[in-house]
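Below, each chain spelled out in residue letters.
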Amino acid sequence: MATRMDAVQSPIIPIIGGMVRSTPGTISLGQGVVHYGPPPGAAQAVIRALSEPSTHEYQPAAGIPPLLERLAAKLRSENGIDAARGRRLMVTAGGNMAFCHAIDAITAAGDEIILNTPFYFNHEMAIQMADCVAVPVATDERHQPRVDALRAAITSRTRAIVSVTPNNPSGAVYPEATLRELDALCRERGIYHICDEPYEYFTYGAARHFSAGSIPGSEAHTFSLYSFSKAYGFAGWRIGYMAYPEHLEAPMTKIQDTVLICPPVASQLAAAAALDAGRAYCEPFIRELASIREMVLAQLATLAPRVQMPAADGAFYCFLKLDTALDPMTIAERLIREHRVAVLPGTTFGMHDGCYLRIAYGALQKATVEEGMGRLVRGLRAILV
Ligand SMILES: Cc1ncc(COP(=O)(O)O)c(C=O)c1O
């Protein structure tokens, strides 16, 4: 029987993960996770909460008050977003769920959502699962959005443009001016701007993160999505959240009530404690990542001009363009089987024109990334003969 899932690509991480498991000793530069765990206060909060009956019962759909209060304060002070003016806050089981909720709340079957390519594969998947159409629009050679091309892609079926900054998979950080232009375009054309910002703290050098949700007048059309997974080493706790336009409260509540009922209470208490530790907890890890990134960039530079990579000033990804007619999945498989290092093929991120690979350097200690990069450089030299 045909279902709408037939059109959805299979998640790449388990596919590459299977190859890694069947090739012992492989170093994975595949999955986008960090190598550190949550602040100690998060686990202590959960231990304390275990003896509270309320931990084991349903709680408010949008999130528990102590977490919502802390999130509102964080959004105000760090992102410049006033969650109380024209917006609502909702906690979800991770940022992916916030994105799915947003798509469900604003679309009917057959509507279009514009993605900048390369895109985050779960965004395309979520759009297709909602019976909608993901419309890819190529970014420029630095993987920055081309506002004119986005404008030209808008049709009467377009419901939103998605911005991911800092970007997965390219590492590009969108400048404030571009985000302002994009947000104004969405406002002018009566469509939504979905801003996915799980890597907001992960910027390097002079790059600065900017939240389009801070723009005055953005509240009626802009979603701001965040996650604890990366910043707080929380991937398994499944906590994300979003500030969304208040006129969508009724549909959003229907979706949350049906899909999740309420976010896991123990995880929310852990998240509230993580916010008490705050950004200061993440910063030493991000400084360490900055030095790993320098090493990764230096290694990749030795592969020029066969391998090109525009500046990747954020997140913990590099997106390589290879000068070859080979298919990226074949290269990814050969890198695992012959050189015991795993990366992801660019086709997964919507790049079908040319050969691209994504490297993730957040999940491992520096020495392991160094060894993995050595294997990657040797492997690509051997493959790209
Ligand atoms: C751009 C982007 N959005 C959302 C997510 C999902 O994060 P979460 O674990 O909060 O669902 C990821 C994870 O890799 C991501 O890269």
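Basis of the calculations
Residues numbered from 1 in each chain as written. Predicted model: local features only at pLDDT ≥ 70, side-chain atom pairs only at ≥ 80, totals over all residues. Heavy atoms only, no water. Near = heavy atom within 4 Å. Polar contact = N/O pair within 3.5 Å; in protein donor to acceptor, adjacent residues only side chain to side chain. Areas by Shrake-Rupley, 256 points an atom, 1.4 Å probe, with all protein chains shown as cover. 1 Å grid on protein atoms, 1.4 Å probe; cavity = no way out; pocket = protein on both sides within 12 Å on 5 of 7 lines; lining within 4 Å. Sits in = over half its atoms within 2 Å of the grid points. Nonpolar A, V, L, I, M, F, W, Y, C, P; charged D, E, K, R; others polar. Axes fitted to C-alpha atoms, helices over the stretch in contact; angles between N-to-C directions. Helix = DSSP H or I, 4+ residues; strand = E, 2+ residues; numbered from the N terminus. Parallel < 35°, antiparallel > 145°, perpendicular 65-115°, else oblique. Left-handed = near helix turned anticlockwise from the far one by under 90°. Contact = heavy atoms within 4.5 Å. Salt bridge = Lys/Arg side-chain N within 4 Å of Asp/Glu carboxyl O. Expected span 1.5 Å × (residues − 1). Buried < 20%, exposed > 50% of the residue type's maximum accessible area, 1.4 Å probe, protein only. Core = buried A, V, L, I, M, F, W, Y, C linked by side-chain atoms within 4.5 Å.

Engineer: Please explain the site of the ligand as it appears in this structure.
Structural biologist: If you check the shell around the ligand, you find 13 residues, and the closest are Gly95, Asp196, Tyr199, Ser227 and Ser229. One nitrogen or oxygen atom from the main chain of glycine 95 is found 2.6 Å from an oxygen atom belonging to the ligand. Within the contact set of the ligand, an oxygen atom lies 2.7 Å away from a side-chain nitrogen or oxygen of lysine 230. When the free accessible area of the ligand is taken as 400 Å², the share hidden by the protein chains comes to 92%. Most atoms of the ligand, that is more than half of them, are within 2 Å of grid points of the largest pocket. The residue makeup of the shell around the ligand, split by class, is four nonpolar, six polar and three charged.

Engineer: What should I look at first to understand the packing of helix α10 (residues 279–301) against helix α12 (residues 366–383) in this one?
Structural biologist: A pair of packed helices is characterised by two quantities: the angle between their axes and the separation of those axes. Two numbers describe how α10 lies on α12: the axes approach to 10 Å, and their chain directions differ by 15°. Taken as axis vectors, α10 and α12 run roughly parallel relative to one another. In this structure, α10 meets α12 at a crossing whose hand is right-handed. For the pair formed by α10 and α12, the contact residues are Ser291, Ile292, Met295, Val296, Gln299 and Leu300 on the first element and Lys366, Val369, Glu370, Met373, Gly374, Leu376 and Val377 on the second. Looking at side-chain class alone, the contact of α10 with α12 contains eight nonpolar, three polar and two charged residues.

Engineer: Which parts of the structure should I look at to understand the pattern of salt bridges?
Structural biologist: Side chains that differ in charge, positive against negative, can pair when their charged atoms come close. Across all of its chains, the model carries 16 salt bridges by this definition. Between arginine 4 and aspartate 131 there is a salt bridge, with the nearest N and O atoms lying 3.4 Å from each other. With arginine 4 in the segment before α1 (12–21) and aspartate 131 in the loop between α5 (121–129) and β4 (133–138), this residue pair connects regions lying 127 residues apart in the sequence. One salt bridge in this structure joins aspartate 313 and arginine 293, with 3.2 Å as the shortest N-O distance. Of the two residues, aspartate 313 is situated in the loop between β9 (307–308) and β10 (317–322) and arginine 293 in helix α10; the sequence distance between them amounts to 20 residues. In this structure, a network of salt bridges that share partners links the residues Arg88, Glu246 and Glu249.

Engineer: What is the right way to read helix α4 (residues 95–106) from this model?
Structural biologist: For an α-helix, 3.6 residues make a turn, and residues three or four places apart therefore share a direction. The terminal C-alpha atoms of α4 lie 17 Å apart, and with 12 residues this matches the ideal 16 Å at 1.5 Å per residue to within 8%. What α4 keeps buried is the set Gly95, Met97, Ala98, Phe99, His101, Ala102, Ile103, Ala105 and Ile106.

Engineer: Mind showing me how you'd approach the nonpolar core here?
Structural biologist: Within the largest apolar cluster, 66 residues are counted, with the highest numbers of intra-cluster contacts made by Phe202, Phe228, Tyr232 and Leu380. With eight residues, the single largest contributor to this core is α10. Residue contacts for leucine 380: discarding those within four places in its chain leaves Leu303, Val307, Leu320, Leu322, Ile331, Leu335 and Leu357. By size, the runner-up hydrophobic cluster in this structure holds 27 residues, among which are Met90, Phe119, Ile194 and Leu225.

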